[in-house]
Amino acid sequence: MDVLDFESPFQIQLSFATLLDRLHEVAQGKDAEKARSAQVLLTELAPFPEFREGITSADQVEKHANLIRRLLKDYFPPELTDNEIKAVSIPFLPIIFNHTERFKKILAAAGTDFEMGIRDFDAHQFYVLSCCIILNDVYGTKLDFAKPLFYDIPTAEGILRHYRILYNADFLDTLPTEQALPLSQAEIEELLDNYDNLELWKAKFPPNSWLIKGFALMVLYDATVENAISLLKEKLLGSYQIDFHENLLPIFHSIFNSKSLRIGFAMYNAASDTFTKAAFGEPLPSFILSGHDSCVARQTLCVKSYQKTVQQHTYFAVADTLEYTAHSLLIEHLNQQQIRSFILAPVVKNQQLWGVLEVVSSQPREFNSINALKLDVLMPFLTETIDRMEAELQNHIQAFIQNVYTTIHPSVYWKFRQEALAYRYHQQAGQSHTLAEIAFPDVHPLYGQVDVKGSSEARNLSTQKDLQTQLEALQAVLDSVTIEPIEKQQIAHFLIDISQPLQASTEPYITAYLDHRIHPQLRMLNEAAVDEYFRETNLHTGRFYHHRRKYDRAIRQINDNLTRILDQRQQEAQAIFPHYYERFRSDGIEHNLYIGASIAPTLTFGTEHLRELRLWQLRVICEMEVSHQQLRPLLPYPLEVTTLILVFPSTITIAFRLDEKRFDVQGTYNARFEIVKKRIDKAHVKGTQERITQVGKLCVVYSGEEDEKEYRPYLTQLQEEGVLDATIEQLEVEDLQGVAGLKVWRVGITASNVEAYHSVHLRSDRINKETTPK
């Protein structure tokens, strides 16, 4: 039966032999009425042997349509013909007939130009899956090649509906022809490893070498909502900057079965209580804004819509704007835009309102508070997408700032300007110019850090405390309301989990569970205890974030204090000799200094400048430690810090990386500096489990005798000035991966106040710091 453009391993015969055998049994049965009816039908079928031997043309199907319908009556009961979407078919093939009335109406609405076709089903897939049917039926393999198959069929209004296809193949037989080739187990295994090799499949299962005989029952069910959600995920996980609106709109049409539906979005700014246009992705229209750049939410919305959308974060729906009695600018704006029905759906992340999704229609009564609930399955995906789009926007802004506004450090600005001028001159002359590498060879690196001790443990502890507070409060709320017992049990399990050391996945898992399982149920309740609970979930004011806010505030205060000292003292350091300086904030402050003749070629660089800068670094690190000890009693979290300085004996080359817009060390040998920096942070004293860094002690890591000869006088000088105490520990550092033989000096920092530094640092009579032009 030739019904396909696709090549097939099958010859196809539509046969009703199984039903004819059953009909003979009924004709010989004891039920006289059924027997007579069966015999009458058998008599009518007798002149047409093709019903048993195989129908081989579409004309035969059409000619015998009435007999086929009567033969299949038990499988197509008239009582269900207006409800079921059913027909006779062959799996994967467009052989479809004997449709139920509902199926006929669906196809009629789709129009005469519509052609049935399984979504995303190509010739390769068809051939291989047909072969898999043979492998399962004949060779006993148990290949699970089933995947959801769909027909996408438009309605008369042009709305695409999605129907899942189910096959009952109990009436099909798979039979070899003379051209069929026997397969060994090795050949079968070769096929299973080569899905993509279509020629191999055709060689083992030549076209038309097998016979598929019989028929299948095909049932469709309307899976529009489920499928639309799947398509939504696919679209949102893809490129959501381009055609974002066009990708979403058909999905919303399908879910709400409304061709007049339109969607919009407005960002919400809590600080100013305003709605604004979204700056990320493809601009979406906003029917709330009605052409304006922004509007005040409380002034635009009516009292009820403001309470539900902005304050309670629930849907607000109006079935007919002309009949809505509460006056507001929103209703005026919507009526001016010929909008008669709408839903406002808040987009909420971490209990904060980010914006409002606007679902509107020009037709009255398209939407109401009941069908608004269809958005429940969509909003989590939209929220995550908008979250990603907002993050991408921030990345674009950051990239723009770095590209346009990044300030090049003054010490190296001259070289960037030199290269920019060269590029400009060549451009004006119509000549090509390859940008030269911005590099500074033979510079001395100085590295130091003041690190917050135990920051990860403190962060985990603060999270644990907050989660425990929230779960205990939630447990009390759940005890006072009606909710599934399994939810209460889960909260009890969570309390047990967080009493143990916190795992990385624990917090996000619990938060996601509360957001998606518990909170939606609670928001449906009008209970004072529930309202109080949600007030405490506010990220900025709620007690469920109390300890995390304290921790974040403590880290911020520590970093601000350390940064202030380092940046202020940098002005003095640059006066010693111009050098490249950079610092990094994390849980503490790291800094790199690079000094050498190549950075300031118009000045004379000498070793005295390097010595003075190294002494400056020791003083400032000590000052940062002392300042932190003064700040510590005032911190919301009593966090300690440790200090470390790395002495690197050799010069290195640093080069500007255009891809990262920053300087980095150049070359394999120079990379040793970066390797040592990364590995000494958590290093131990050799032969012990004791960290080389200790609270209240300056830690200086070095490697050779030359470093020892140079730095020992610096430490002695600071001891004499009362900055460091009298005892210096000299220890060996454990061997690290690729790094061995390091030593460390450790000495207590004794100055009692920051003012002690101001009278002793950088004395002009100690080292001649004159810098003369070349």
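Residues numbered from 1 in each chain as written. Predicted model: local features only at pLDDT ≥ 70, side-chain atom pairs only at ≥ 80, totals over all residues. Heavy atoms only, no water.

A.B. asks: What's the story with the overall build of the protein in this structure? I'm lost.
C.D. replies: Broken down by element type, the protein carries 25 helices and 23 strands. Within the protein, the fraction of its 774 residues that count as buried is 47%. When contacts within the protein are restricted to residue pairs at least 6 apart in sequence, long-range pairs at least 24 apart make up 68% of them. Accessible area for the protein stands at about 39,000 Å²; split by element, carbon and sulfur atoms hold 50% of it. (Helix = DSSP H or I, 4+ residues; strand = E, 2+ residues; numbered from the N terminus. Buried < 20%, exposed > 50% of the residue type's maximum accessible area, 1.4 Å probe, protein only. Contact = heavy atoms within 4.5 Å. Areas by Shrake-Rupley, 256 points an atom, 1.4 Å probe, with all protein chains shown as cover.)

A.B. asks: Any chance you could explain the packing of aromatic side chains here in plain terms?
C.D. replies: Aromatic ring pairs are defined here through the distance separating the ring centres and the angle between the ring planes. Under the criterion given, the structure shown has 20 aromatic pairs. A ring pair is formed by Phe171 and Phe215, whose centres lie 4.7 Å apart and whose planes are at 5°; its orientation type is stacked. Here the residue Phe171 occupies a position in the loop between β5 (160-168) and β6 (172-176), and Phe215 occupies one in the loop between β7 (210-214) and β8 (216-222), the gap between them amounting to 44 residues. In terms of burial, Phe171 and Phe215 fall into one category: buried. Taking the centre distance of 5.4 Å and the plane angle of 90° together, the rings of Phe256 and Phe367 count as edge-to-face. One end of the pair, Phe256, is in helix α11 (residues 244-256); the other, Phe367, is in the loop between β14 (352-361) and α15 (379-404), and 111 residues separate them in sequence. Three or more aromatic residues link up through ring pairs in this structure, and these residues are Phe16, Phe51, Tyr75, Phe171 and Phe215. Of note, Lys86 hangs over the ring of Phe76, and the distance from its end group to the ring centre comes to 5.2 Å. Residue placement shows Lys202 over the ring face of Tyr127; its charged tip is 5.7 Å from the ring centre. (Phe/Tyr/Trp six-rings, centres within 6.5 Å; stacked < 30°, edge-to-face > 60°. Lys NZ or Arg CZ within 6 Å of the ring centre and 35° of its normal.)

A.B. asks: For this particular structure, what's the right way to read the sheet that holds strand β1 (residues 10-14)?
C.D. replies: Within a beta sheet, neighbouring strands are joined by backbone hydrogen bonds and run either parallel or antiparallel to one another. Taken together, three strands build an open sheet; the order of strands is β1-β7-β6 and the sheet is mixed. Of all strands in the sheet, those bounded by a partner on one side alone are β1 and β6. Taking each pair of neighbouring strands and ignoring which way they run, the sheet shows an average axis angle of 20°. Pairing analysis gives five bridges linking β6 to β7, with the strands arranged antiparallel. Within β7, the residue paired with Asp173 across the bridge is Lys213. (Pairing = 2+ DSSP bridges. Axes fitted to C-alpha atoms, helices over the stretch in contact; angles between N-to-C directions.)

A.B. asks: Mind showing me how you'd approach the packing of helix α22 (residues 607-631) against helix α24 (residues 705-720) here?
C.D. replies: Packed helix pairs are specified by the crossing angle of their axes together with the interaxial distance, meaning the distance between the axes. Where α22 contacts α24, the axes come no closer than 11 Å and their chain directions differ by 45°. Here α22 lies oblique to α24, going by the angle between them. Crossing angle aside, the handedness with which α22 passes α24 is right-handed. Residue-level inspection shows Arg611, Arg614, Leu615, Gln617, Leu618 and Arg619 of α22 in contact with α24, the latter providing Glu710, Tyr711, Tyr714, Gln717 and Leu718. Of the residues belonging to the contact of α22 with α24, the class tally is five nonpolar, two polar and four charged. (Parallel < 35°, antiparallel > 145°, perpendicular 65-115°, else oblique. Left-handed = near helix turned anticlockwise from the far one by under 90°. Nonpolar A, V, L, I, M, F, W, Y, C, P; charged D, E, K, R; others polar.)

A.B. asks: Whenever I open this one, the sheet that holds strand β4 (residues 150-154) confuses me. Can you help?
C.D. replies: Reading across the sheet, the five strands line up as β3-β2-β8-β5-β4 and stay open at both edges, with antiparallel pairing between neighbours. What marks the edges here is a single partner per strand, and that holds for β3 (96-97) and β4. Bridge count for strand β2 (residues 85-89) against β3 is two bridges, and the pairing is antiparallel. Bridging across to β3, Val88 finds its partner in Phe97.

A.B. asks: Looking at this structure, I do not really get the packing of helix α19 (residues 506-522) against helix α20 (residues 528-535). What am I missing?
C.D. replies: Between α19 and α20, the shortest axis-to-axis distance is 10 Å and the interhelical angle comes to 140°. In this structure, α19 contributes Leu514, His519 and Leu522 to the contact, and α20 contributes Val530, Tyr533 and Phe534.

A.B. asks: Teacher, can you tell me more about the environment of Gln490 here?
C.D. replies: Looking at where Gln490 falls in the secondary structure, it is placed in helix α18 (residues 485-498). Distance from Gln490 to Tyr513, taken between C-alpha atoms, is 9.5 Å for residues 23 residues apart in sequence.

Remember, this is a structural readout, not a statement about activity or role.
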